[in-house]
Amino acid sequence: MGQSIDDKEITRELWQSRLPICFILSDEDMSKVNRSELPEPLYLMLARHSYFPCIIEKIHRYYSTYFKENVNETTNNINLANLWLEFESIPLKWHYPIGVLYDLYASSVSSTSHLPWQITVHLSKFPEGEILRFPDKESIEAHYMSTIKEADALKHKGQIIGDMQKRDHKQLWNSLLQDKYDGFWNINNKLMNYTDNLQYFRYIPFRVYIVDKPFIQKLFSPYDIDQDKFMTLNDLLDFVLHHEAQCELLANEKKILNTNVDDYQVIIHGIQPPINTPIQWLSEHFSYPDNFLHICLIEKRT
Amino acid sequence: MTFTLDEFNQCINDLYDQSKQIHDRWQLIKTPKGTYLIYSFIDDNCLKYDFHIVFSESYSVPVLYFNISHLDGSLLSLDDVWKLFAHKNNSNMYETITQQEHPILHRPFFILHPCHTEKLLKQVSDQSMNKKFLFWLSIYGQSVGLPLSVNYAID
C-alpha cells in the first residue's frame with residue numbers, strides 16, 4: 001500500500017485519542033468502608049489503545065486509604081488484589097484495549113452522551129471464570145507480547161518479531177506504557193513491512209466483537225489472488241458474519257445473527273471507517289498497538 | 001514444521017481412539033468452532049487438572065491450554081502453578097505460561113506459548129504426523145504435569 005504523510009498522521013491521531021472515565025465504588029464495597037467519609041468518584045483520562053490493568057495500581061492506591069489491607073487472600077474477601085471492573089453488570093474483559101470495551105458496550109446508536117464513561121469498581125468476588133488476572137505489570141506485558149507475536153505469526157509467520165532483539169520487544173511495551181508514539185512506531189514500523197515477496201500481509205490479524213457474543217477471529221487474506229484485487233472491510237465482515245451464522249446453524253441456535261453488514265455500525269477506535277476501505281490499509285494504520293484490528297459491530301436500530 | 005487443520009483433527013481423533021482402547025481419560029469435544037481434546041484428573045493433593053488440546057489457526061500448531069483448581073472450584077494463580085512446576089522448568093515464568101482467553105470456550109485458561117512449537121517440531125520433521133503430535137504432547141504436557149501413557153507411543 002502506498003504511504004503518504006497523511007497516513008502517518010492518522011496513526012498519530014489514533015495514538016492520541018482519549019476517553020474520560022469515571023470510576024465508582026460498588027455499593028457492596030462502599031458499605032464496608034471503614035472511614036466516616038465515603039470515596040468520591042475517581043476521574044481519569046485514558047488512552048483508548050491502553051489497557052485497564054495498567055492502571056490497577058492507580059485505582060488501588062486511591063481506594064486503599066478507605067480500607068484496611070485484608071490478610072486473607074481468597075477470591076471472595078475484600079482485598080485490593082481482587083479488584084475488578086464492571087459496566088452494566090458485565091465484568092469488563094480487561095485484556096481487551098480500553099477503546100474496544102467502550103465502543104462495544106457504551107457507545108450505542110440511540111443515546112445522547114455516554115461520557116464520562118461510568119465504570120463500577122469491585123474489590124471482592126473476583127469473577128475468575130470470566131476475566132484474566134494481572135497480578136503485576138509483567139503479566140500485562142506478557143499478555144501484550146503474546147498477542148503481538150500472534151499478530152506477526154498471522155502477518156509474517158512470525159519472522160519479523162522473531163528476528164527482533166529482546167530490547168525491541170521491551171521498547172514496544174515501554175513506549176505503550178509511557179505513551180511514547182515515536183518510540184513505539186520506530187519498532188512497530190518493522191512489523192508493518194512485507195515479507196515473502198508479497199505486497200501485503202499473509203493474513204490480517206483481526207477480531208470482530210458483537211455484544212453478547214464471544215469475539216470472532218478467522219484466517220483472512222487481504223488480497224484475492226484469483227480476482228486480482230484487494231479485499232475491503234466489507235468483504236471481511238461479510239465473510240465473518242456468514243461464517244458465524246453457519247456456526248450458529250450447526251449449533252442449533254434459536255436465533256441466527258443478522259448477516260447483512262449494512263445493518264451494523266462498524267466501529268474501530270470510535271470511528272466508522274468507510275466500508276470499502278482496503279483491509280490491508282486498515283491493518284497497517286488502524287490496528288491497535290497489539291497489531292490487531294479490533295472491530296466492533298453494533299446493530300443499527302430501525 | 002506445522003500442521004494443517006485436517007492433520008490436527010486426524011491426530012486428535014487417533015489419540016482419542018487409542019485412549020478408549022487403553023481405557024484412558026481423553027475426551028473428544030466437537031463444536032462448530034472446532035474440535036479439541038480434554039484430559040481431566042484429580043491428583044493426590046486434591047488438585048483438579050484440566051488439559052485441553054486446541055488447534056491454533058494463527059500458528060498452525062496444536063496448543064496446550066490448562067487450568068488447575070481446588071476442589072471448591074477456585075483456580076490456582078499463575079504463581080501457584082509456577083511453584084507446582086518450577087522444578088520441571090528452567091526458564092522465565094512469563095515466557096512460557098500466560099493466562100489467555102480459550103479460543104473456543106472464551107474463558108480464562110493458562111497456555112503454554114506456541115511460538116516455539118514450530119522450532120521444536122523441526123526436530124522430528126521426518127516423522128509421521130501422529131509421531132510429531134505425540135512428540136509435541138510429551139514435551140509440553142510433561143512440563144505441566146500431564147500424564148502421558150507410554151502406550152501411545154507404541155504403534
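Please read these numbers as outputs of a predicted model, since none were measured by experiment. (Residues numbered from 1 in each chain as written. Chains lettered and ligands numbered in written order. Predicted model: local features only at pLDDT ≥ 70, side-chain atom pairs only at ≥ 80, totals over all residues. Heavy atoms only, no water.)

### Observations regarding the overall build of chain B
Thought 1: Regarding its fold elements, chain B presents 5 helices and 6 strands.
Thought 2: Relative to the 2.2 N^0.38 estimate, which gives 15 Å for 155 residues, the radius of gyration of chain B is 15 Å and therefore close to what a compact globule would have.
Thought 3: Principal axes of the C-alpha set define a box for chain B whose edges measure 40 × 35 × 30 Å.
Thought 4: Looking at the 155 residues of chain B, the share that counts as buried comes to 48%. (Helix = DSSP H or I, 4+ residues; strand = E, 2+ residues; numbered from the N terminus. Rg over C-alpha atoms; globule rule 2.2 N^0.38 Å. Buried < 20%, exposed > 50% of the residue type's maximum accessible area, 1.4 Å probe, protein only.)

### Notes on the pattern of salt bridges
Thought 1: By the definition in use, this model includes 18 salt bridges over all chains.
Thought 2: A salt bridge links B:E57 to A:K218, with the nearest nitrogen and oxygen atoms 3.7 Å apart. Taken together, the positions of B:E57 in the loop between strand 3 (47-56) and strand 4 (61-70) and A:K218 in the loop between strand 6 (206-210) and strand 7 (223-224) put the pair across two chains.
Thought 3: A relative accessible area of 19% means that A:K218 is categorised as buried.
Thought 4: B:K83 serves as the salt-bridge partner of B:D79, at 3.4 Å between the closest nitrogen and oxygen. With B:D79 and B:K83 both in helix 2 (residues 78-85) and 4 residues apart, the pair spans about one turn of that helix.
Thought 5: Exposure remark for B:D79: the relative accessible area of 42% places this residue in the partly exposed category.
Thought 6: Owing to a relative accessible area of 59%, B:K83 belongs among the exposed residues under this scheme.
Thought 7: The structure contains a network of salt bridges with shared partners spanning A:K213, A:E244, A:E248 and B:K33. (Salt bridge = Lys/Arg side-chain N within 4 Å of Asp/Glu carboxyl O.)

### Quick notes on the interface of chain B and chain A
Thought 1: If you look at the interface, chain B gives 19 residues, while chain A gives 31 residues.
Thought 2: Linking chain B to chain A there are 3 salt bridges.
Thought 3: Ionic pairing is found between B:E101 and A:K93, a salt bridge with its closest N-O pair at 3.4 Å.
Thought 4: Counting the contacts that link chain B with chain A gives 11 residue pairs in polar contact (both at pLDDT 80 or more).
Thought 5: Those elements that place two or more of their residues in the side of chain B that touches chain A are helix 3 (93-96) and strand 5 (97-101) of chain B.
Thought 6: Classifying every residue of the side of chain B that touches chain A gives 6 nonpolar, 8 polar and 5 charged. (Contact = heavy atoms within 4.5 Å. Polar contact = N/O pair within 3.5 Å; in protein donor to acceptor, adjacent residues only side chain to side chain. Nonpolar A, V, L, I, M, F, W, Y, C, P; charged D, E, K, R; others polar.)

### Some points on the side chain of A:H95
Thought 1: Among the secondary structure elements, A:H95 is positioned in the loop between strand 4 (90-91) and helix 4 (98-105).
Thought 2: A relative accessible area of 8% means that A:H95 is categorised as buried.
Thought 3: Here B:E101 takes part through its side chain, which lies 2.7 Å from a polar atom of the side chain of A:H95.

### Some remarks on the confidence of the model for chain B
Thought 1: When pLDDT is averaged along chain B, the result is 90, and 93% of the positions lie at 70 or above.
Thought 2: Across the interface, the model reports ipTM at 0.93; the global pTM reads 0.93. (pLDDT = per-residue confidence, 0-100.)

### Overview of the confidence of the model for chain A
Thought 1: Looking at chain A, the pLDDT average stands at 91 and 93% of residues meet or exceed 70.
Thought 2: In the model, residues 70-76 of chain A has pLDDT below 50 throughout and makes 16 contacts with residues more than four positions away in sequence or in other chains.

### Concerning the sheet that holds strand 2 (residues 42-47) of chain A
Residue and element names in this part refer to chain A.
Thought 1: One open sheet holds the 5 strands; their spatial order is 2-1-5-3-4, and the pairing between them is mixed. At either margin of the open sheet sits one strand with a lone partner, and together these are strand 2 and strand 4.
Thought 2: As judged from the 5 bridges shared by strand 1 (residues 18-25) and strand 5 (residues 117-122), these two strands associate in the parallel manner. Across the sheet, residue F23 finds its bridge partner in strand 5, namely I119.
Thought 3: Helix 4 rests against strand 1, strand 2, strand 3 (84-87), strand 4 and strand 5 of the sheet, and its axis sits at about 80 degrees to strand 1. (Pairing = 2+ DSSP bridges. Axes fitted to C-alpha atoms, helices over the stretch in contact; angles between N-to-C directions.)

### A few points about the nonpolar core
Thought 1: Among the nonpolar cores identified, the biggest contains 90 residues, and A:F23, A:F52, A:L85, A:W117, A:V208 and A:I295 are the most heavily contacted of them.
Thought 2: Listed in part, the 40 residues of the second largest apolar core include B:L15, B:F66, B:W82 and B:F133. (Core = buried A, V, L, I, M, F, W, Y, C linked by side-chain atoms within 4.5 Å.)

### Quick word on the side chain of A:H169
Thought 1: With respect to the helices, strands and loops of the structure, A:H169 is situated in helix 7 (residues 166-177).
Thought 2: When residues no more than four places from it in sequence are discounted, the contact partners of A:H169 are A:M145, A:K149, A:I161 and A:M164.

### Section: the packing of helix 1 (residues 5-21) of chain B against helix 5 (residues 129-143) of chain B
Residues and elements named next belong to chain B.
Thought 1: Look at helix 1 against helix 5: their axes get within 10 Å of each other, and the N-to-C directions meet at 75 degrees. The angle between the axes of helix 1 and helix 5 places the two elements in the roughly perpendicular class. Counting all contacts with helix 1, which are made through E7, F8, Q10, C11, I12, D14 and L15, the residues of helix 5 involved are M129, N130, F133, L134 and L137.
Thought 2: In terms of residue class, the contact of helix 1 with helix 5 is built from 8 nonpolar, 2 polar and 2 charged. (Parallel < 35°, antiparallel > 145°, perpendicular 65-115°, else oblique.)

### Remarks on the environment of A:Q16
Residue and element names in this part refer to chain A.
Thought 1: With respect to the element layout, Q16 can be found in helix 1 (residues 5-16).
Thought 2: Residue classification places Q16 among the partly exposed residues on the basis of a relative accessible area of 49%.
Thought 3: Along the backbone, Q16 and D179 are 163 residues apart, and their C-alpha atoms lie at a distance of 8.7 Å.

### A short note on the domain arrangement of chain A
For an interface, size is often stated in terms of accessible area lost upon the parts coming together.
Residue and element names in this part refer to chain A.
Thought 1: Domain parsing of chain A yields domain 1 (19-132), domain 2 (136-197) and domain 3 (199-302).
Thought 2: Each of domain 1 and domain 2 has a C-alpha centre, and the two are 28 Å apart.
Thought 3: Of the residues lining the interface, 7 residues belong to domain 1; the matching set on domain 2 comes to 7 residues.
Thought 4: When the two sides are added together, the surface that domain 1 and domain 2 hide from each other amounts to roughly 620 Å², 71% of it contributed by carbon and sulfur. (Domains from an automatic or database assignment. Buried area = accessible area lost by both parts, 1.4 Å probe.)

### A word on the UniProt feature "domain: Autophagy protein ATG5 UblB" (unreviewed entry) in chain A
Thought 1: Residues annotated in UniProt with the feature "domain: Autophagy protein ATG5 UblB" (unreviewed entry) correspond here to residues 203-297 of chain A.
Thought 2: Structurally, residues 203-297 of chain A comprises 26% helix and 19% strand, and the distance from its first C-alpha atom to its last is 21 Å. (UniProt positions renumbered as here; feature names shortened; annotations may be inferred.)

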